Amino acid sequence: MHFNLEYNNIYYMVITDALTQAVAAALKSLYGIEQEAGSIQLQDTRKEFAGDYTLVVFPYVKQARKSPEAVGSEIGEEVKKNLAEVSGYNVVKGFLNFEIADAYWLRFVGERAGESRFGLVDAGKDDIPVVVEYSSPNTNKPLHLGHIRNNLLGWSVSRLLEATGANVKKVNLVNDRGIHICKSMLAWQRYGGGETPESSGMKGDHLVGKYYVEFDKHYKEEVKHLMESGVEEEQAKKEAPIMQEAQAMLKRWEEGDAEVRALWEKMNGWVYKGFDETYARLGVGFDKIYYESNTYLLGKELVQKGLDMGVLFRKEDGSVWCDLTADGLDQKLLLRRDGTSVYMTQDLGTALLRHKDFGAERLIYVVGNEQDYHFKVLKLILGKLGFEWADKVYHLSYGMVELPSGKMKSREGTVVDADDLIDEMEKTAEEMSRERGKNDELTPEEQQHLYHILALGALKYFILKVDPTKNMLFNPAESIDFNGNTGPFIQYTHARIRSIVRKAGEWKVDNWNVAMNEKERGVVKILHALPATLQQAAAAYSPAMVANYAYDLAKAFNSFYQDTPILKEENAEVKQMRIALCQFVANALKNTMDILGIEVPERM
RNA sequence: GGCUCUGUAGCUCAGCUGGAUAGAGCAACUGCCUUCUAAGCAGUAGGUCCUGCGUUCGAGUCGCAGCAGGGUCACCA
């Protein structure tokens, strides 16, 4: 029997698939063991041993009734006989290490190095869309570091899904109504003296945020006064006049009061202008923006449907609930006794709206893990309401960004402001670049652009390299690094490679018949794993896996670059192969960083 | 208290569906720029993988219990 390497219809010829098939056949012919090729696990051979891929034979020794060493040798021999690309094997204890012939790697580089999109799958424009919601800010205060993580994750996961073939629609649901914005409005009305972004020179979202803080200051004072005059705290918080007035303003807003609406539109307008600026600096965007002022009444007809279906019930006071006790949860309110809806009701409505707007089934919500319970319930209720796409709703639950002092709290002023942080990063990037003095020949515009992409590269990589599900720590006292496992390290590696490739000029692919060194093989094997890595990362919704991949690749390349001549190589064939390898790595770095939303420079 | 997530080097983090002697970066210490970009490379030092029991040929990874920390359990969003 002989195994031919075939083109996997999506990507490229895959030696690992051929190997597992050959192993499965060997298991059968040698020991009569039936094992599907797909369920055979190969792992990368550890670098202290010779070989490329390793099969652990322990699972088979019992049935084979032989020692692990014997089983390893027999399978190794059989596979080597049948698979030309296997140039050798060795057995250490129960580990069978396959060695892959250089010819395979050379062919792989020759065929793929010039592909600008190796490992990426073209997005199916006609496929059923996947809707990713992210960002979803409140309009009463500017964005902070927590929002940055959300935005970067949302953007990057969207890119990641696109890179693996999905038709992604990015949406934002702006929370533009409610008591929080009324607080800012009221405080501005009372204490603002007509201040505007233009008159103050303040960014609109920051200006509105300033009055949100202003409200809180007066509110606390009033509560304190009331408590001093003997009112209980609970009561005082409700009775504080400024709070009552904010509530009244909300009511007027809901009634459509012209004056309140005008003020609301004016101040929200300031905020949007500010947000747009921050989004642009972060390099994120949306296909559609929803506003809660338009959607907050949605969901009520769904509640009626649920009542008709008998999956919801009405209590004596008129409130409507969903009983989730059978699912191990509580009862969940969907309509208050006055008939008004709650957050969950709107979210049910907007889910359906989105399903209709895009014909989407997969809805992905990039929302912090403090809302795990909410989304569990949302999914359950959608299911009970009979939507078969409910099980395709996915909450991408990410951990919060903590400071050394603990959680960020906007009202306590312990937040890291998004704009300030980006400013800071750009300043640092500029300083570091000037110190090195490598970019003096660039135009001032090119320099500014470089500082920007380096700053954002550092920031984005810092945040995205961490597993999304985990909380992460940010220490403002220690600025984000530009050395080591960082975005600029990878950007630098790319710039360096591009420099070589530019100097090399045209390169062509021949049927290289040369020997590879360990460093070259190390780089090629990482490139080879790119498609599978992207698949895994997409399945896990984890840009972190992409970030770590890019780092491993850059690291391996730098190690190769350090002690292997490329342009100075005298053997023309070897030189061509190395240039191709360089181009290949540059493409892979560019594409993986692009998934992270990070631009890579041509020089730096 | 119920539910849930997390615990790996001094610090920040990797460790894919269990596999060989647990890996990076930062910080500390050594070397390497007249040679393709030193934002780099090579090396030294640093670990009871929170604890215990269990499953397994094999556990950082799976199960149970405990300890510590976060989140959440609103007619808020």
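What you see is a predicted model; the values in this text were computed from it and never measured. The residue count restarts for each chain, going from 1 along the sequence in the order it is written. Ligands are numbered from 1 and chains lettered from A, in the order in which they are written. The model is predicted, so local features are restricted to residues of pLDDT at least 70 and side-chain atom pairs to those at 80 or more, both for listing and for counting; the totals for chains, interfaces and linings are taken over all residues. For the side-chain quantities, the full set of heavy atoms in the structure was used; hydrogens and water were omitted.

Sorry, what's going on with the overall build of chain A here?
Secondary structure assignment for chain A yields 22 helices and 15 strands. Considered along the principal axes of its C-alpha atoms, chain A spans approximately 90 × 65 × 45 Å. Burial status across chain A gives 54% buried among its 604 residues. Only the protein chains shown count as cover for residues, and the accessible areas themselves come from Shrake-Rupley with a 1.4 Å probe. Split by element, the accessible area of chain A, about 28,000 Å² in all, is 48% carbon and sulfur. Numbering of helices and strands runs from the N terminus; a helix is a DSSP stretch of H or I covering at least four residues, while a strand is a stretch of E covering at least two. Each residue's exposure class comes from its accessible area (1.4 Å probe, protein chains only) as a fraction of the maximum for that residue type: buried when under 20%, exposed when over 50%, partly exposed otherwise.

Whenever I open this one, the pattern of salt bridges confuses me. Can you help?
Close approach of charged atoms allows side chains of opposite charge to pair. In what follows, salt bridge is the name for a side-chain nitrogen of Lys or Arg lying within 4 Å of a carboxyl oxygen of Asp or Glu. Within this structure, the stated rule accounts for 37 salt bridges. For K66, the salt bridge goes to E74, with nearest N and O atoms at 2.9 Å. On the accessibility criterion, K66 (40% relative accessible area) is partly exposed. The salt bridge involving R578 is made with E520; its shortest N-O contact spans 2.5 Å. With R578 in helix α22 (residues 572-595) and E520 in helix α19 (residues 518-528), this pair connects stretches of sequence that are 58 residues apart. Here E520 falls in the buried class, since its relative accessible area comes to 0%. In this structure, a network of salt bridges that share partners links the residues K203, D205, R281, D419, D423 and E426.

Any chance you could explain the domain arrangement of chain A here in plain terms?
Quite often, the size of an interface is put as the accessible area lost when its parts meet. Source of the domain bounds: an automatic or database domain assignment. Domain boundaries assigned for chain A yield domain 1 (15-100), domain 2 (178-285) and domain 3 (418-595). Put simply, the middle of domain 1 and the middle of domain 3, counted by C-alpha atoms, are 35 Å apart.

Would you explain the protein's contact with RNA strand B in this entry?
As a structural note, the neighbourhood of RNA strand B is formed by 68 residues, with F95, R336, K438, Y492 and K568 the closest of them. Each atom of RNA strand B within 4 Å of the protein belongs either to a base or to sugar and phosphate, the latter forming 62%. Here a sugar or linking oxygen of RNA strand B and a side-chain polar atom of E292 are 3.2 Å apart. Each polar contact in these results corresponds to two N or O atoms within 3.5 Å; when the atoms are within protein, one needs to be able to donate a hydrogen and the other to accept it, and residues that are neighboring in sequence are counted only if both atoms are side-chain atoms. A distance of 2.9 Å separates a base nitrogen of RNA strand B from a polar backbone atom of M604. In these notes, residues near a molecule or strand are those with any non-hydrogen atom within 4 Å of it.

I keep staring at the side chain of E195 and nothing clicks. Help me out?
By the element assignment, E195 lies in the loop between α6 (179-191) and α7 (197-200). Engagement of the side chain of E195 in a polar contact is seen with the side chain of K210, the distance being 3.0 Å. Side chain to side chain, E195 and Y211 meet in a polar contact 2.5 Å long. Whether two residues are in contact is decided by their heavy atoms, any of which lying within 4.5 Å being enough. The contacts of E195, once residues within four sequence positions are left out, are W188, S200, L207, K210, Y211 and W270.

Quick question: what am I supposed to make of the nonpolar core here?
The nonpolar side chains of a soluble globular protein tend to be buried, and buried together. Core analysis: the largest hydrophobic core is formed by 157 residues, its most contacted members being I75, V79 and L161. For this core, the element with the most residues is α22, which contributes 13 residues. In this structure, V79 is in contact with L19, A22, V23, A26, V86 and F98, ignoring residues within four places of it in sequence. The next biggest cluster of nonpolar side chains, apart from the first, holds 34 residues, and it includes V320, L334, L348 and A351. Nonpolar cores are built from buried Ala, Val, Leu, Ile, Met, Phe, Trp, Tyr and Cys residues. Side-chain atoms within 4.5 Å join them into one set.

Help me understand the packing of aromatic side chains in this model?
Ring pairs (aromatic) are described by centroid distance and by the angle formed between their planes. A pair of aromatic rings is counted whenever rings of Phe, Tyr or Trp (Trp by its six-membered ring) have centres within 6.5 Å, and the orientation is called stacked for planes under 30 degrees apart, edge-to-face for over 60 and tilted otherwise. One pass over the structure, following the stated rule, counts 21 aromatic pairs. Look at W253 and W264: their rings are 5.2 Å apart centre to centre, the planes differ by 70°, and that puts the pair in the edge-to-face class. Of this pair, W253 sits in helix α10 (residues 241-255) while W264 sits in helix α11 (residues 258-282); the two residues are 11 residues apart in sequence, bridging distant segments of the chain. Per residue, the accessibility class of W253 equals that of W264, and both read buried. Here K315 stacks its cationic end above the ring of W321, 3.9 Å away from the centre of that ring. In this scheme, the term charge over a ring applies when either NZ of a lysine or CZ of an arginine sits within 6 Å of the ring centre and within 35 degrees of the ring normal. The positively charged end of R354 is found above the aromatic ring belonging to Y290, 5.4 Å away from the centroid.

Explanation requested: the sheet that holds strand β15 (residues 472-473) in the structure shown.
Strands in a sheet are paired, the pairing made by backbone hydrogen bonds, and the direction either parallel or antiparallel. Strand order in the open sheet formed by three strands is β14-β13-β15, and the pairing between neighbours is mixed. With partners counted over all chains shown, the strands left at the sheet margins are β14 (406-407) and β15, one partner each. Each pair of strands is called paired provided DSSP finds at least two bridges between the two strands.

Please explain a negative patch on the surface as it appears in this structure.
Patch criteria: residues need more than 30% relative accessible area and no salt bridge. Like-charged residues are merged within 9 Å; nonpolar side chains of Val, Leu, Ile, Met, Phe, Trp and Tyr are merged within 5 Å. Residues counted as positive are Lys and Arg, residues counted as negative are Asp and Glu, and His and the chain ends are not counted. Think of each charge as sitting on NZ of Lys, CZ of Arg, CG of Asp or CD of Glu. A contiguous patch of negative charge, built from D420, E424, E431 and E435, is present on the exposed surface. Judged by relative accessible area, D420 falls into the partly exposed class, the value being 49%.

Looking at this structure, I do not really get the pairing of strand β12 (residues 393-398). What am I missing?
Regular strands place their side chains on alternate faces of the sheet. Most of β12 sits out of view: five of its six residues are buried. With six bridges joining them, strand β11 (residues 362-368) and β12 adopt parallel strand pairing. Bridge pairing links G368 to Y398 in β12. Since β11 and β12 lie parallel, the crossover through helix α15 (residues 372-384) that links them has a hand, and here it is right-handed. By the criterion used throughout, a crossover qualifies as right-handed when its path from the first strand across the helix to the second strand runs clockwise, the strands pointing away from the viewer.

I tried to follow the side chain of S341 on my own but got confused; where do I start?
Checked against the element boundaries, S341 lands in the loop between β10 (331-335) and α14 (343-358). The contact partners of S341, leaving out residues within four places of it in the chain, are Y296, K300, L334, L335 and R336.

Would you mind going over helix α8 (residues 204-228) with me for this structure?
Owing to its 3.6 residues per turn, the α-helix aligns residues three or four sequence positions apart on the same side. One less than the number of residues in a helix, times 1.5 Å, gives the span that helix is expected to have. If you check α8, its first and last C-alpha atoms are 37 Å apart, about what 25 residues at 1.5 Å a residue would give, namely 36 Å. Downstream of α8 by one or two residues, G230 has phi in the positive range, about 100°.

Mind showing me how you'd approach the pairing of strand β3 (residues 86-92) here?
Summarising the sheet, β3 and strand β4 (residues 95-100) pair through six bridges and their orientation is antiparallel. Paired with Y89 across the two strands is F98, which belongs to β4. What sits between β3 and β4 in their antiparallel hairpin is a turn of two residues, with K93 showing a positive phi close to 50°.

I keep staring at unusual backbone geometry and nothing clicks. Help me out?
Note: most residues except glycine have negative phi, and most peptide bonds are trans. The backbone phi angle of S135 is positive, close to 75°, even though this residue is not glycine. A residue is classified by how much of its surface remains accessible, and S135, at 5% relative accessible area, is buried. Phi angles above zero are rare outside glycine, and Y541 is one such case at about 50°. Structurally, the position occupied by Y541 is in the loop between α20 (530-539) and α21 (543-563).

Just to check I follow, could you spell out the packing of α6 against α11 for this structure?
The description of two helices packed together rests on the angle between their axes and the distance between the axes. Axis definition: a line fitted to C-alpha atoms, over the contacting stretch in the case of helices. Angles run 0 to 180 degrees between N-to-C directions. Relative orientation of the contacting elements α6 and α11 amounts to 100°, with a least axis distance of 10 Å. Relative to α11, the element α6 lies roughly perpendicular. Contacts from I181, S184, M185, W188 and Q189 in α6 reach E259, V260, L263, W264, K266, M267, N268 and W270 in α11. Note on residue categories: nonpolar means Ala, Val, Leu, Ile, Met, Phe, Trp, Tyr, Cys or Pro, charged means Asp, Glu, Lys or Arg, and polar means any other residue, Gly included. The residue inventory of the contact of α6 with α11, partitioned by class, reads eight nonpolar, three polar and two charged. Geometric relationships in this document are graded by angle, where less than 35 degrees denotes roughly parallel, more than 145 denotes roughly antiparallel, 65 to 115 denotes roughly perpendicular, and other angles denote oblique.

For this particular structure, what's the right way to read the environment of R502?
Along the chain, the position of R502 falls in helix α18 (residues 487-504). With relative accessibility at 32%, the residue R502 sits in the partly exposed group. With 81 residues separating them in the primary sequence, R502 and Q583 have C-alpha atoms 9.9 Å apart. Ignoring anything within four residues of it in the chain, the contact list for R502 reads E602 and R603. Here the side chain of R502 touches E602 through a polar contact of 3.0 Å, side chain to side chain.

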